[in-house]
Each structure stands twice: as C-alpha cells, then as structure tokens.
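# Structural characterization, general
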Amino acid sequence: MPRNLLELREVSISFGTLTVVDALDLEVEEGEIVSLIGPNGAGKTTVFNAITGVYKPDSGAISLDGQSIVGLPPHQIATMGVARTFQSIRLFQNMSVRENVMVAGYGRTTARPWQSIFRTRTARREEREEREHAEELLSFFGQRLVGYRFDQPAYNLSYANRRRLEIARAMAARPRILLLDEPAAGMNPTETQEIAALTSRLRDEKGFTVLVIEHDMHVVEGVSDRVVALDHGAKIAEGSFDHVATHPAVVEAYLGKGAAATK
Amino acid sequence: MSIGVDQWVETADSRRVEPDGWWGRGSNWWGSIPPWGRLGIVLGLAVFVPLFASDFVVRVGVNALLLALLAVGLNVSVGWAGLLDLGFIAFYGFGAYAFAILSSDQLGIDLPTLVAVPLVVVATGLLGVLLGLPSRRLSGDYLAIVTLFFSQIFLELALNVDRLGVDLTGGPNGIAGVTPFHLFGMRFSSPASYFYLFLTVLTLVVIALYFLERSRTGRAWQAIHDDALAAEIMTVPINRLKLVAFASGAAIAGLAGSMFASFQLGVYPLNFQVQFLIVVYAALILGGSGSLSGAVLGGVVVAVMLDLLRDPGQASAAFYGVIAVTLIAKIRPWKRLGAIVGGAVVLGSVVNAIATSLWPGAFEGDAVSTGPLASFLDSWIVVPTDPVTPGNWAYCALVACVLALPLVHGWKRDALVVPTLYLAAFVWETRLVGEPSITRQLLLGALLVVMMLGRPQGLIGKARVERV
C-alpha cells in the first residue's frame, strides 16, 4: 500500500474568535491527485497556507513523508518538497520568465555569493543546470513560454500564461507534492480543459503528487483520484468524485438546506 | 486540440518593429555590443580624462567615481532587494571614520593601507549585519524610518565620542591629517593617481556585482523586491538574504568611506549629514534604480552637475543651456519656437525700456552672468539696485507660472511660456546665481521632479510594475 506523503491530523486554525480550519484530517498518498473543494470561505486556501508554513496551526500535526513540518519557516518546507501556486497570481513581475522559474532553484543550489562573483566551477555548473531545467519546464506548456518569451518580463504575459508560469515556477522548486490553488480560475473553457489535461500530465509525466483546489467541477471530475469537501473548515465528505458530488452534506453546503430534497 | 499551439506566438517575429530614429538606432547598436565591450569602451574613454584635463576637472572626476561607487552600493539594498535603507550614510561615515582612526595620529595607529581598508570593509559589513538584525522584519516605510534613525545616531556619536576619556572622533572638529593611501610602495597624492585608483576599484566592484546580479543571490534579491512571500514559498530564505543585501551595501559604503577619508585627508561630521544621503539617492534614482550601469551613470551625472554649479559662470551656462535644449526639444514647429523666443526678447526689451525710463536709478544692478550672454542680458533684464526683495517675489511668481503651465493648453500655454522664461532669467540673475549652494539643491530637486514625471525609471533603468 502506498504511504501517505502528506498528512494533516486534527489541524485547527482560528483568526481571533473565528475558526477557519476545524480539526481537519487530510492525507495525500504518493502519486495521488486529490481535489479540495468547498464553497467560498470554506478554508481551502488557509489549509494551503498552513501546509506551506505561511500560518502556524493552533493545534494539530502536519507531516511530510512522516516528518513533522509544523513551525518550520516556509522556505524550509518548500526545500523539503512542498511547492504551491497562488489563487491570486503572485509572480515576480519585474523579472523575466526564465528568471521567475530559476528563483525557485535557490533551495537546491549552494553557491555562496563569493562563489558566484568569482564564477567558480560549482557556481557555473549550478547556473547552467538551473537554466536548462527552467527552459525544459517552460517547454512543458508547448511554445507559449519558450523562445523570445524566456527573456520577457512576467508582467508582459497574458493572464493564462501567468498561471502557467506560476505552475512552472512551482515545479522548479523540485517538489514532491504540488499544491495548485485554483489553477483554472479565470480561464476560458478551452484553457480550462487544457489545465485539466495538464494536471494529469504533472503526475503522469513529471511524477508529482498533486493537491488541487478547484471550483470547476469538470476539472475536478476529470483529474481527481479522490475528492475532499470542506465547509466551515471541517471535512464534510471524502471519496470518489461521484460519491462526494452527490453527498447530501456537499449539496447542502453549496446550494443550501432543502436543495438535496428537491433534486 | 493540441496543447501549446499558439498562432500569436508563432508569428510574433513578423510583428516586431525595429527601434527608429537616431536614439533608437544608437541604443540598439549599444545593446548589440557584449557587456565586456561596453565596459571596455567606457573605461577606454575614462582613462584619458586625467591626461587632458586640469586638476580641477580630475577632482570632479574623483568625486564622480566616489558617488558612483556609493550609488552602486546603495543599489544593492535599494535597487535590487528593495530595502529602503536610509542608514546608508551611516555606513559610509563609519567606514570613513574607521579608516581615519586606523591611519592617522588620532590614536597613534597608522596601519598600512592594505591592512586598514580590508579591516574597515569587513567591520562595516558586520555593522550592516548588526543593524540589519533588528530591521530585517520591517519593510517599506517602517524600515526607512528605523534606518534614518541609525543615520542620526551615527552623526550624534561622531559629534560626541570625543568626551569619553579617549578622543575617538574629534567631535565637531573631525579628524584631520589622515594618511593618504600608500600601496605597493606608491603614495597616492595627486588627484590623477586617485582617479585611476578609484576607477580601478569601481570597475572591480561593478564586475563583481554584475556576476552577483546574475546569480541565485541576485535573483533571490529581486524576487524579494517583487514579492517577498512568494519568494519565501519558492525556497528563498528571505531574512538571511535581506541581511546579506544590507551587509553588501554597507561593505561597499565602508570601502567608499575609507577612499573618501584618504582622498580628503580628513573626516568631518559635516560630510555625513542627511543632505549627502539625499544626493546619493538622487544619483541612484536619476540613473535608474535596480540598474548597475544606471547607478554608475547617475553618480557621475549628479556629481559633475553639483561640481559644475559651484562656479557661477558654468552654472549660468548650464542653466541657460538646459532651458534652450528643453525649448528646442519640446516646442515644435520652428515657427512656434520662434514666436516664443521672439516674444520673450520683446517682452524683456519693453519691460527694460519702461522700467528704466519711469524709475531711473532704481535699476543700476548688473546681471551676474558673464561671457557672451552678459551684454544681451544687461539690456534684456532689469536688475534692481537692491535685487533681494524683488528677486524673492519673482521667485514666487516663477513657481506659480511653472505650476500653471500644465493647467493651460494651446496658445495660452505658449503665451504663458514667455513670461515664465523672463521670470526664470530674472530670478536666476538676481537671486539664484549668487547663492550656489542653495541653487544646487534647487536644481537637483527640479531635475529629479522632471525626471520622475517624464521618465520614472531613470536614465537607463527599466520601468517597474508594482504588485497591487
């Protein structure tokens, strides 16, 4: 049986008197694609923030491959193998497309400033590797982010290309698990379909385990091995897409009380 | 549907437009030269300066190189890492004082230059780490306020550490009699020798930073500048990198400080006031914050400008020159330009004729400017016998006119330009040219305002987009 790569146990987070995540248990197995769904304000992004170390949970345990990551600084958690994208795109706008991706190689590389200044063998090798790796990752999206686009500043990109660049950047951190926060938000139907195909390719071709927050049910249906539904910070359903989509608690959370009965 | 087939991308090259005009072609040509070639061309021109120029010009050059070095150091923390560091001047001062103490009679220590300078650079870098520790969690304006405080603390210390039993800083008198640099058996005394030394140091620092900018460290700094949270999520230890940026900037400032102390043969508290911090910032912003070559260019331009404006004759030439260039560049067609200049000449002559005939004796003053323009100016501008009060009023009127210019349009604006020109010349001759120290600051400020309005990225900086 595959082991849990990511495991959350009884994780609770509250802001003041408001409980945002309520004793949440969540497991993601190695090689799985798990979708996190729920209405707006259900606490999905807060879960991501807790996993990546942006927020420290008030209680509970979070472990990556059996090792606790609670209380570690975000850059350390990222270096250990957790990378994410953001719901509201947060690229390094004034850096080139290639540089955006190369930044995420910081945790893997070792050259100290003086090594870079004197261009030692290590520094040059790492630089070359990161550059090639970045260009390879960018070619994952076809021709959109390659060629002259390598040197364009990120702010020049279209909205959909910014989302793609964010995914490429997250991949460059060499994660074991990739957290995608609404990758299809704001995309047109064709692009949404493409994101769904891409999410599967991330696992099948690149070998990443994926935890994805998504509102588009076609995407969720298409990619998920397992679906977890949240409402008010608590897990209300878990299982296959069909199971969760028809679960009365989920229908109620999305549509309100009584909706399940009239269906 | 195949992923990634994108018509727009495929045909992008056919839509590309080559830059046009002499400026576009020139910058295209300059950009096509590899970085080493560009550095070689600039250095090749720079080494000839001391061969053909007077001692005064070489001194200006030394000041320019020093300011360029400071701007380059400031660029590390401000331009790259985005840390608004107003304590920079404290590092510069610390470096200068530390070198002065280590190589003068102040404490009877006189270390060889090759020992003293590295010691000072390392010490200033450590000071940068020390001051960075409490500040690294601050950003933006909070960081600015805290570091501004460091600048003030340094100045207070420099002024008062003479009363602690040992006279460390010389108090308000500073430390005179600093030993000049002596390296490899050579003693640096002439401005030309300092020019070559500073040029070498600046070149080495710029080359080092050029490589650093393109390394993981440089990229991480720029990522922190753009979005610190995203950088940290992307494996960048932001607190450590902020400290490194702070310390690197500080170390360069310390180096510049020891060079300054040796060149000036002394250090005085007045050298390290906030005014000079503003000059360094002005240089960086004018050249282009975030751009290495921009920082160098900004430093040279601002230093040369400030030294040029010391001399009234050169200041006048620069003042009227800038006005003439602006008029020629901004006002088209030629007929319009002719009308405006003609209008200004007529206005001046009429005012002159009326004023001298109505109140003979009240306008006995002379235009301060000399040279070919002087006789024209004397018959054009009415200079009152007592120029101070009218000059002040005219200055207020000039500011009002300049502020009103963008508010009116068409022929009204052209009509307003005429009295504005006359007032500008009047204020210059009656008030500004006589007080070069104030005028320098005013003109520097005006230059920055114009720059920020017309070209916010600086002379050769790249325009930035801020996350909203």
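Residue indices begin from 1 for each chain and proceed along its sequence in written order. Each chain takes a letter, starting from A, and each ligand takes a number, starting from 1, following the order in which they are written. Note on the predicted model: pLDDT of at least 70 is required for a residue's local features to be given, and 80 or more for side-chain atom pairs to be given and counted; whole-chain, interface and lining totals, by contrast, use all residues. Side-chain measures were taken over the full set of non-hydrogen atoms in the model, leaving aside hydrogen atoms and water.

## Focus on the sheet that holds strand 7 (residues 177-181) of chain A
Residues and elements named next belong to chain A. DSSP bridges decide pairing: two strands pair if at least two such bridges lie between them. A run of H or I in DSSP counts as a helix once it spans at least four residues, and a run of E counts as a strand once it spans at least two, with each numbered from the N terminus. Pairing in this open sheet of six strands is mixed, and the strands run 6-7-8-3-9-10 from one edge to the other. Taken across any chain shown, the strands that pair with only one partner, and hence form the sheet edges, are strand 6 (82-84) and strand 10 (234-239). Recorded for the sheet is a direction-independent mean angle of 20° between the axes of neighbouring strands. Bridge analysis of strand 6 against strand 7 gives three bridges, and the strand direction is parallel. Note that in strand 7 the partner of valine 82 across the bridge is isoleucine 177. The strands touched by helix 10 (residues 248-255) are strand 3 (33-37), strand 9 (226-231) and strand 10; relative to strand 10, the strand with the most contacts, the crossing angle is about 130°. Comment: axis = line fitted to C-alpha atoms, over the contacting stretch for helices; angle = value between 0 and 180 degrees taken between N-to-C directions. The contact rule is simple, with two residues in contact once any of their heavy atoms fall within 4.5 Å.

## A closer look at a nonpolar patch on the surface
The patches described consist of residues with a relative accessible area above 30% and no salt bridge, like charges being joined within 9 Å and nonpolar side chains (Val, Leu, Ile, Met, Phe, Trp, Tyr) within 5 Å. Accessible areas in this description were obtained via Shrake-Rupley with a 1.4 Å probe; residue shielding takes into account the shown protein chains only. In the sections that follow, a salt bridge refers to a side-chain nitrogen of Lys or Arg positioned within 4 Å of a carboxyl oxygen of Asp or Glu. Together, Trp29(B), Trp30(B), Ile41(B), Val42(B) and Leu45(B) give the surface a local cluster of nonpolar side chains, amounting to about 520 Å² of exposed area. When residues of the nonpolar patch are traced back to their parent elements, those giving at least two are helix 3 (21-32) and helix 4 (35-46) of chain B.

## Concerning the interface of chain A and chain B
Chain A puts 45 residues into the contact, and the matching count from chain B is 38 residues. Summed over both partners, the accessible area lost on bringing two parts together, with a 1.4 Å probe, is the buried area. Here chain A packs against chain B, burying approximately 4,100 Å² in sum over the two surfaces, 62% of which is carbon and sulfur. The partner of Arg219(B) in a salt bridge is Glu127(A), with the nearest N and O atoms 2.8 Å apart. Polar contacts, as counted here, are pairs of nitrogen or oxygen atoms within 3.5 Å of one another; within protein the pair requires one atom able to donate a hydrogen and one able to accept it, and residues that are adjacent in sequence qualify only if both atoms are side-chain atoms. One can count eleven residue pairs in polar contact (both at pLDDT 80 or more) joining chain A with chain B. Of the residues that constitute the side of chain A that touches chain B, the class distribution is 22 nonpolar, 13 polar and ten charged. Lys, Arg, Asp and Glu make up the charged group, whereas Ala, Val, Leu, Ile, Met, Phe, Trp, Tyr, Cys and Pro make up the nonpolar group; the residues left over, Gly among them, are polar.

## Considering the packing of aromatic side chains
Paired rings are identified among Phe, Tyr and Trp, the last through its six-membered ring, by centres lying within 6.5 Å, and are further divided according to the angle between planes into stacked (under 30 degrees), edge-to-face (over 60) and tilted (the rest). One pass over the full model with this rule turns up 25 aromatic pairs over all chains. On the basis of an interplanar angle of 45° and a centroid distance of 6.2 Å, the ring pair of Trp29(B) and Trp30(B) is categorised as tilted. Exposure is judged per residue with a 1.4 Å probe applied to protein chains only, and the accessible area is read against the type maximum: over 50% gives exposed, under 20% gives buried, and values in between give partly exposed. Taking the relative accessible area as the measure of exposure, Trp30(B) reaches 33% and is therefore partly exposed. Aromatic side chains Phe319(B) and Tyr320(B) sit 5.3 Å apart centroid to centroid with 80° between the ring planes, which places their arrangement in the edge-to-face category. Just as Phe319(B) is buried, Tyr320(B) falls in that class too. Ring-pair connections join several aromatic residues into one group, and the members of that group are Tyr92(B), Tyr97(B), Phe154(B), Phe260(B), Phe272(B) and Phe276(B). Both a distance and an angle decide whether a charge sits over a ring: NZ of Lys or CZ of Arg must be within 6 Å of the ring centre and within 35 degrees of the ring normal. It is Arg216(B) that lies over the ring of Tyr106(A); its NZ or CZ is 3.9 Å from the centre.

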